[in-house]
Amino acid sequence: MAETIIVGVDGSETAQRAAERAARIAVNMDAELVVVTAHASDNTEVVKIGTDTWILDDAEQAEKLAEQCAASLRITEPTAKVSATAAHGKPQEVLVAEAERLDATLIVVGNVGMKGLGRVLGSVATSVAHAAPCDVYIVKTVK
């Protein structure tokens, strides 16, 4: 059975660092890496300017963000098996749900929010570590 690793991204530089570490781990484990982005709402908005019309969709934008990260990982780690997805909800809930759905072996997250006020209020990494159905690897992305 192939192993699956989940990594959460939000477009930040620190999330990209966590994703890069996750890709290296996936290559070493010969595992599939799933890049996951959460979106807080299912809003769709139509914007018209002159004769041009754009449809802005939160879910679509989140999917694009995850795919952009996955594409960059395919370049930096060409042997990695990388896919991308997005889901509605809080980041920590989405990561745990995706790990359960995919029977993941490992969730990789960055350590943003684990110091200072974030430590008191909680962070994605802390929440995931408490609720994950699998191992959690916390990448030191912030010193």
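Asks: I'm lost on the pairing of strand 6 (residues 106-110) in this one. Help?
Replies: Each regular strand displays side chains that alternate between the two surfaces of the sheet. Within strand 6, 4 of the 5 residues are buried, which leaves the element mostly enclosed by the surrounding structure. In this sheet, strand 7 (residues 135-139) lies alongside strand 6 in parallel orientation, the contact comprising 5 bridges. Counted as the bridge partner of V108 is Y137 from strand 7.

Asks: Please explain the confidence of the model for the chain as it appears in this structure.
Replies: Close inspection of predicted coordinates is inappropriate in any region flagged by low pLDDT. Taken as a whole, the chain shows an average pLDDT of 85; of its residues, 80% reach a score of 70 or greater. Strand 1 (residues 4-8) holds the highest mean pLDDT among the elements of the chain, 97, whereas helix 4 (residues 116-121) holds the lowest, 43. Note that pLDDT drops below 50 for residues 114-122; the model gives that stretch 10 contacts with residues more than four away or on any other chain.

Asks: I tried to follow the sheet that holds strand 2 (residues 32-39) on my own but got confused; where do I start?
Replies: Spatially, the 5 strands line up as an open sheet ordered 5-2-1-6-7, and their pairing is parallel. The sheet is open, and its two edges are formed by strand 5 (81-88) and strand 7, each paired on a single side. Between one strand and the next, the sheet's axes are offset by a mean angle of 25°, whatever the strand orientation. Pairing analysis gives 5 bridges linking strand 1 to strand 2, with the strands arranged parallel. Residue pairing for strand 2: T4 is matched across the bridge by E32. Of the strands in this sheet, strand 2 and strand 5 touch helix 2 (residues 58-76), which is tilted by about 160° from strand 5.

Asks: How should helix 3 (residues 91-102) be read in this particular structure?
Replies: Along an α-helix, residues three or four positions apart point the same way, because every turn accommodates 3.6 residues. Here helix 3 contains 12 residues, and its C-alpha end-to-end distance of 16 Å stays within 8% of the 16 Å for a straight helix at 1.5 Å per residue. Among all positions in helix 3, only V94, L95, V96, E98 and A99 are buried. In this structure, the buried residues of helix 3 make contact with strand 1, strand 2, strand 5, strand 6 and helix 5 (124-131). Two residues or fewer after helix 3 comes D103, characterised by a positive phi angle close to 50°.

Asks: What exactly am I supposed to notice about the packing of helix 3 against helix 5 here?
Replies: To describe two helices that pack against each other, one gives the angle between their axes and the distance between the axes. Two elements in contact, helix 3 and helix 5, have axes separated by 9 Å at closest approach and are oriented at 35°. The element helix 3 and its partner helix 5 pack so that their crossing is right-handed. In this structure, helix 3 contributes P91, Q92, L95 and V96 to the contact, and helix 5 contributes V124, S127, V128 and A131. Residue composition of the contact of helix 3 with helix 5, by class: 6 nonpolar, 2 polar and no charged.

Asks: What is the right way to look at unusual backbone geometry in this model?
Replies: Most of the time, phi is negative for any residue but glycine, and the peptide bond is trans. Unusually for a residue other than glycine, D30 sits at a positive phi of about 55°. Note that D30 resides in the loop between helix 1 (13-29) and strand 2. At D103, a position not held by glycine, the phi torsion is positive, near 50°.

Here is what the cut-offs are and how they apply
The residue numbers shown here count from 1 along each chain, following its written sequence. Residue-level local features of this predicted model are given only where pLDDT is at least 70; pairs of side-chain atoms are given and counted only at 80 or more, and the full residue set underlies all totals for whole chains, interfaces and linings. The side-chain values count all of the structure's non-hydrogen atoms but skip hydrogen atoms and water molecules. Burial status follows relative accessibility: with a 1.4 Å probe on protein chains alone, a residue under 20% of its type maximum counts as buried, one over 50% as exposed, and anything between as partly exposed. Only DSSP runs of H or I reaching four residues or more are called helices, and only runs of E reaching two or more are called strands; each is numbered from the N terminus. Here, any two strands with at least 2 DSSP bridges between them count as paired. Confidence of the predictor at the level of single residues is captured by pLDDT, which takes values from 0 to 100. Contacts: residue pairs with any heavy atoms within 4.5 Å of one another. To obtain each axis, a line is fitted to C-alpha atoms, and for helices this fit is confined to the stretch in contact; angles are then taken between N-to-C directions over 0 to 180 degrees. One less than the number of residues in a helix, times 1.5 Å, gives the span that helix is expected to have. Helix crossings get a hand from a simple test, with the near helix turned counterclockwise from the far one by less than a right angle marking a left-handed crossing and a clockwise turn marking a right-handed one. Residues are grouped as follows: nonpolar covers Ala, Val, Leu, Ile, Met, Phe, Trp, Tyr, Cys and Pro; charged covers Asp, Glu, Lys and Arg; every other residue, Gly included, is treated as polar.

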